[in-house]
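A closer look at the structure
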Amino acid sequence: MSVAWIFPGQGAQRQGMGAGLLDRYPDLVARADEIIGVSLRRLCAGEEERLQHDTRYVQPALFAVAALAHRAALEEGPAPAYLAGHSLGEIAALHAAGCFDFETGLRIVRRRGELMARARGGGMLAVVGMPVDRLREVLAEEGATDVDLANHNSPDQVVLSGPEDSVRALAAVLRGAGAGKCVLLNVSIAAHSRYMAFPAAAFAEYLRTVDFAPPRVPVVSNVTARPHRPETLPDLLARQVRSPVRWWDTMVYLAGQGVREVREIGPGQVLTKLWRKSAGHLVPSTSGSAGPAVRAGTGTEPGAEPYRVPAERLGSAEFRRDFGTRLACAALEDASAGSSADQVTRAARRGVLAFLGVDGLPTGDVERAVQRLRRDLGPAAPYGVALDARRTGGDEDAEQGRVTGLCLRYGVRFLHVTIPHEALAQAPSEVVRFRFAGAYRDAAGLPVAPNRIVARVAAPDLAERLMRPPAEPILDALSARGALTPAEVEVARRLPVSEDVCLDCSSAGPGLEVLLPEALRRRDEAVAARGHHIRVGAACATPEAVAVAFVLGADFVVAARDVELRDVELRDVELRDVELRDVEPHGAGGRAPAGPPLLRAGGQAERAQVEGAQVEAVRLMEAAADLLGRRLTTLAPPGARPVPTGA
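Calculation rules
- Residues numbered from 1 in each chain as written.
- Predicted model: local features only at pLDDT ≥ 70, side-chain atom pairs only at ≥ 80, totals over all residues.
- Heavy atoms only, no water.
- Phe/Tyr/Trp six-rings, centres within 6.5 Å; stacked < 30°, edge-to-face > 60°.
- Helix = DSSP H or I, 4+ residues; strand = E, 2+ residues; numbered from the N terminus.
- Buried < 20%, exposed > 50% of the residue type's maximum accessible area, 1.4 Å probe, protein only.
- Lys NZ or Arg CZ within 6 Å of the ring centre and 35° of its normal.
- Contact = heavy atoms within 4.5 Å.
- Expected span 1.5 Å × (residues − 1).
- Pairing = 2+ DSSP bridges.
- Axes fitted to C-alpha atoms, helices over the stretch in contact; angles between N-to-C directions.
- Left-handed = near helix turned anticlockwise from the far one by under 90°.
- Nonpolar A, V, L, I, M, F, W, Y, C, P; charged D, E, K, R; others polar.
- Salt bridge = Lys/Arg side-chain N within 4 Å of Asp/Glu carboxyl O.
- 1 Å grid on protein atoms, 1.4 Å probe; cavity = no way out; pocket = protein on both sides within 12 Å on 5 of 7 lines; lining within 4 Å.
- Points joined across faces, edges and corners; volume = space filled by probe spheres on them.

Before going further, it helps to spend a moment on the packing of aromatic side chains. For the coordinates displayed, the defined rule picks out six aromatic pairs. A centroid spacing of 5.9 Å and a plane angle of 75° characterise the contact between Phe100 and Phe212, whose relative ring orientation is edge-to-face. Residue Phe100 is found in the loop between α5 (88–96) and α6 (102–118), and its partner Phe212 is found in the loop between α9 (197–207) and β7 (219–220); the two are separated by 112 residues along the sequence. Exposure remark for Phe100: the relative accessible area of 7% places this residue in the buried category. Ring centres of Phe319 and Phe556 lie 4.8 Å apart, and the angle between their planes is 10°; this geometry places the pair in the stacked category. With Phe319 in helix α13 (residues 317–323) and Phe556 in strand β18 (residues 556–559), this residue pair connects regions lying 237 residues apart in the sequence. Across this residue pair, the class does not change: Phe319 and Phe556 are buried. Through pairs of rings, three or more aromatic residues link up here, namely Phe319, Phe323, Phe414 and Phe556. Between the NZ or CZ atom of Arg263 and the centre of the ring of Trp5, over which it lies, the distance is 5.7 Å. The ring of Phe323 carries Arg452 above its face, with NZ or CZ at 5.9 Å from the centroid.

Written out as structure tokens, the structure reads:
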């Protein structure tokens with residue numbers, strides 16, 4: 001009979017954990033104090049109340065207690081046949097297997113906690129008493145495509161992860177569908193989900209600096225539910241942050257290897273109880289655990305009603321959170337419109353990120369418009385100013401400086417900038433000044449820039465340049481004339497010029513289906529290399545384009561008014577108007593067709609007057625959601641009951 005030692009994850013912490021262990025190993029406790037930056041004894045005793053739910057401190061404290069408990073267990077008897085840990089506990093298990101020492105483990109966990117804490121705005125929901133297949137059906141019926149299955153702990157115990165509003169709304173739905181219990185976890189992140197992609201990439205970069213020794217005892221990976229191999233260990237440990245914890249499959253694997261007894265190393269007995277409850281039922285899983293909680297099947301019932309895909313769920317939840325919008329969408333109002341400030345106000349109130357175009361307006365008019373927006377909307381509303389940096393030269397550069405100066409004076413935090421491709425290595429210096437004015441390091445030492453740039457570009461290579469920190473000559477010049485302080489320059493060297501880069505595919509040449517995947521690839525490389533938070537969007541003029549942009553992975557869209565509009569009667573858009581099979585993935589070969597750079601739609605092209613950018617933006621998003629809902633209906637699992645569009 002084999003024995004496995006298992007290590008719990010975050011959530012197992014409790015006041016008084018580590019009692020008896022901290023006095024037993026004072027030297028290790030002292031080293032932990034130094035690395036964590038807070039007394040481990042005080043954290044374990046609950047005396048640091050403000051830190052009790054702070055991932056940056058809870059995770060290192062749990063790791064330290066588990067590592068000390070493992071040391072004590074080794075002094076009492078022989079090592080186990082297998083090791084495994086749930087989420088954070090996997091790092092403790094790797095330490096127990098001799099992959100790294102105590103101090104290295106603490107530094108790994110501290111970095112992991114810091115990175116995960118930056119991905120705010122998420123939530124997690126524990127669901128008990130509902131089989132996972134039934135859970136997927138309910139989520140499909142609800143159209144909850146933005147929620148992932150984060151932990152598969154047993155056949156009827158899972159944890160969902162996603163935007164806080166989405167998981168909170170699902171609690172009542174799942175209880176009504178028969179779940180025995182739904183509990184919102186006391187976290188502010190969407191752990192083990194697609195929303196951890198940025199922290200996972202930055203964590204992977206950090207792990208490249210760590211020397212891992214081969215495990216002396218097999219350690220089962222959360223990602224694969226199979227023992228780690230030395231050559232893939234760092235990659236799997238980073239992927240774990242954004243991947244589901246396959247704990248049920250882990251227990252099945254251990255049982256299949258002859259494990260009949262487990263010992264929980266660390267605070268609590270949650271994992272032990274799961275093992276005992278599952279004894280006799282540990283058979284191989286066939287449904288799998290990874291990926292979004294909603295899956296597509298084949299076929300649909302005759303006469304089935306279409307799925308309802310809320311426009312509010314399209315795109316990045318982080319975009320909506322960071323800009324304070326209802327939709328992952330931005331709109332530009334023309335500078336020439338006399339009522340443009342009113343249009344921006346209406347757009348912001350409808351949940352769209354609205355930008356006031358100011359090119360060609362006298363500085364005095366710009367100032368009055370900005371004052372009016374601040375008066376009508378307040379400083380926290382989702383609005384900003386749009387500049388066209390394609391016009392350069394002495395007068396134009398000076399005008400950009402005056403406009404960005406007004407934005408800084410009146411607390412405008414968002415700037416939309418159209419940047420030319422021709423021989424430009426970086427954004428204009430005045431844009432860089434706006435971006436990093438007021439930049440600082442927070443209490444954890446992380447760089448923060450309060451102002452944001454939505455950079456609109458025509459090619460992925462320029463997008464990639466804007467995903468990097470500003471060029472040193474620009475920072476040197478801004479510092480020399482006192483436009484940025486030394487502290488602001490230091491932060492600027494750590495952050496990208498733009499965290500929100502938008503591709504403009506309105507010109508002839510390769511279209512969205514070619515440029516967007518390429519930009520996303522470059523974004524992923526930039527995130528992996530530097531750990532920045534970067535989103536990629538697309539300028540779109542039709543609902544077909546918006547739908548395809550989100551299918552391809554765009555985080556947001558900008559409603560484009562300067563290209564030909566087609567099928568403007570959005571309520572009449574038919575499913576035939578968007579054929580997803582026509583979208584060739586990047587690298588498929590062949591040249592993209594010329595003309596409108598999106599999909600070849602079935603409707604006739606026509607021009608139309610639009611009431612305003614905010615109307616266009618909202619209609620585009622709603623129509624795109626409708627198109628995607630119809631497509632999901634054709635891919636629905638047999639027997640699934642879609643939510644009617646009128647529900």
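Its location among the elements puts Asn151 in strand β4 (residues 148–154). Note on Asn151: relative accessible area 7%, which makes it buried. Apart from the residues lying within four places of it in its own chain, the contact partners of Asn151 are His86, Gln157, Val158, Val159, His192 and Val245.

This next bit is on helix α21 (residues 512–530). For α21, which comprises 19 residues, the first-to-last C-alpha distance of 26 Å matches the rise-based estimate of 27 Å (1.5 Å per residue) to within 8%. For α21, every residue scored as buried is listed here: Leu512, Glu513, Leu515, Leu516, Pro517, Glu518, Ala519, Leu520, Arg522, Arg523, Ala526 and Val527. Of the surrounding elements, those touching the buried residues of α21 are α9, α18 (460–466), β16 (500–504), β17 (535–540) and α22 (543–552). In the stretch just after α21, Gly531 is the one whose phi turns positive, near 75°.

One open sheet accounts for four strands, arranged β4-β5-β3-β6; its pairing is antiparallel. Every other strand in the sheet has two partners, leaving β4 and β6 (181–184) as the edge strands with one partner each. Within the sheet, the average angular offset between the axes of one strand and its neighbour, ignoring direction, is 20°. One ladder, built from seven bridges, connects strand β3 (residues 122–128) with strand β5 (residues 157–163); its direction is antiparallel. Bridge pairing in β5 places Leu125 opposite Leu160.

Moving on, we come to the packing of helix α4 (residues 55–76) against α5. Close contact between α4 and α5 brings their axes to 9 Å; oriented N to C, the two are set at 35°. The handedness of the crossing between α4 and α5 is right-handed. From α4, Gln59, Leu62, Phe63, Ala66, Ala67 and His70 reach across to α5, where they touch Leu88, Ile91, Ala92, His95 and Ala96. Partitioned by chemical class, the residues of the contact of α4 with α5 number eight nonpolar, three polar and no charged.

On to the pattern of salt bridges, then. Any two side chains of opposite charge can pair, so long as their charged atoms come close to each other. The full count for this structure, using the stated rule, is 41 salt bridges. Across the pair Arg523 and Asp524 runs a salt bridge whose closest N-O atoms are separated by 2.9 Å.

This brings us to empty space enclosed by the protein. Enumeration over the complete set of coordinates arrives at three cavities of 30 Å³ or more. Each pocket or cavity is described by its volume, and for the second largest cavity that value is around 50 Å³. Of all the elements in the fold, those that place two or more residues in the lining of the second largest cavity are α4 and α5. Here the lining of the second largest cavity is built from residues that sort into eight nonpolar, one polar and no charged.

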